[in-house]
Amino acid sequence: AEYKSSMMVTRAVYQDSKVYLLEGELDGKLTILTADLQKEKQIDVGHTPNDIVIIGGTAYVSNRFDNAVGVVDLAAGKQTSEIKVEREPRSMVLVGKDLYVGCFLTGDKSNADNVSSKVEVIDTATGSLTEDITIGDAKDDQYAEIPSNVKLAEGAESLTLKVESIETPNKDVPVENGESAKSVD
């Protein structure tokens, strides 16, 4: 079987015998396909959807240029709300009920001296932001990116964040923020 998209595909996730595609830019879509790649439904999401996390009947979609995470009711086939985050949410990972969202930039003015990124933490039970973790500075070209293939052990209660440098991939830098993030060794 084959599915051809007429839009840019930014992420594809296979879960619960379905394929979830994030497509498009300005008019982003979440396209749900059956296991044999037949289109089941297409849902309007935000501007340039980058990542998706599915919890039961709800999908969380990082809409990069809306500066928000869309909350999608999969059964109803529509985005029901959005949670505003700093700037350019690109990647996400679920730890317990907390959704860690890697934002490319902070809300502060960006210039040659001030371009850092953030990780925002969303409590999925309440839909509210609970934590704000600033990471790095542009002097080292560091940015927050949580790999989409992160898998956590059953019962894991923490997430180790790794900041990568554009010029020097896989450069480890300390990330400290109380109990929810551990320093990178």
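What you are looking at is a predicted structure, and each value in this text was computed from that prediction instead of being measured.

Reading the values: the criteria
Residues numbered from 1 in each chain as written. Predicted model: local features only at pLDDT ≥ 70, side-chain atom pairs only at ≥ 80, totals over all residues. Heavy atoms only, no water. Helix = DSSP H or I, 4+ residues; strand = E, 2+ residues; numbered from the N terminus. Contact = heavy atoms within 4.5 Å. Areas by Shrake-Rupley, 256 points an atom, 1.4 Å probe, with all protein chains shown as cover. Core = buried A, V, L, I, M, F, W, Y, C linked by side-chain atoms within 4.5 Å. Buried < 20%, exposed > 50% of the residue type's maximum accessible area, 1.4 Å probe, protein only. Pairing = 2+ DSSP bridges. Axes fitted to C-alpha atoms, helices over the stretch in contact; angles between N-to-C directions. Salt bridge = Lys/Arg side-chain N within 4 Å of Asp/Glu carboxyl O. pLDDT = per-residue confidence, 0-100.

Each helix and strand counted, the chain has zero helices and 16 strands in total. Put simply, 34% of the contacts in the chain that link residues at least 6 apart link residues at least 24 apart. Of the roughly 9,600 Å² of accessible surface on the chain, 45% is carried by carbon and sulfur atoms.

With that settled, consider the nonpolar core. Core analysis: the largest hydrophobic core is formed by 13 residues, its most contacted members being Y20, L30, I52, A59, V72 and L74. At the level of secondary structure, the elements contributing two or more residues to this core comprise β2 (18–23), β3 (29–34), β5 (49–55) and β6 (58–63). In contact with V72, not counting residues within four places along its chain, are L30, I43, V45, G57, T58, A59, V61, K78, Q79 and T80. Counting residues in each nonpolar core, the second largest holds 11 residues, with V85, M92, V101 and C103 among its members.

Taken in spatial order, the four strands make up an open sheet running β1-β2-β3-β4, and their pairing is antiparallel. The open sheet is flanked by β1 (9–15) and β4 (39–44), the only strands paired with a single partner. The average undirected angle you get between the axes of adjacent strands in this sheet is 15 degrees. With six bridges joining them, β1 and β2 adopt antiparallel strand pairing. Bridge pairing links R11 to L22 in β2.

So, about the environment of V72. Relative to the assigned elements, V72 resides in strand β7 (residues 68–73). On the accessibility criterion, V72 (0% relative accessible area) is buried. Distance in space between the C-alpha atoms of V72 and I43 is 8.4 Å, their sequence separation being 29 residues.

All right, on to the sheet that holds β6 then. Strand order in this open sheet of four strands is β5-β6-β7-β8, and the pairing throughout is antiparallel. The sheet terminates laterally at β5 and β8 (78–84), the two strands that pair on one side only. Along the sheet, successive strands turn relative to each other by an average axial angle of 25 degrees, direction set aside. Direction of pairing for β5 relative to β6: antiparallel, over a ladder of six bridges. Counted as the bridge partner of D51 is S62 from β6.

On to the pattern of salt bridges, then. One pass over the structure, following the stated rule, counts eight salt bridges. With a shortest N-O distance of 3.7 Å, K4 and E2 are connected by a salt bridge. Of the two residues examined, K4 and E2, each falls in the exposed class. Between R64 and E88 there is a salt bridge, with its nearest N and O atoms 2.6 Å apart. With R64 in the loop between β6 and β7 and E88 in strand β9 (residues 87–95), this pair connects stretches of sequence that are 24 residues apart. Of the two residues, R64 and E88, neither departs from the other in class, the shared state being buried. Each member of the salt-bridge network shares a partner with another, and the members are K97, D98 and D123.

Per-residue pLDDT for the chain averages 76, and the proportion of residues at 70 or more is 66%. Predicted confidence for residues 162–185 stays below pLDDT 50, and this span has 51 contacts to residues more than four positions away or in other chains.

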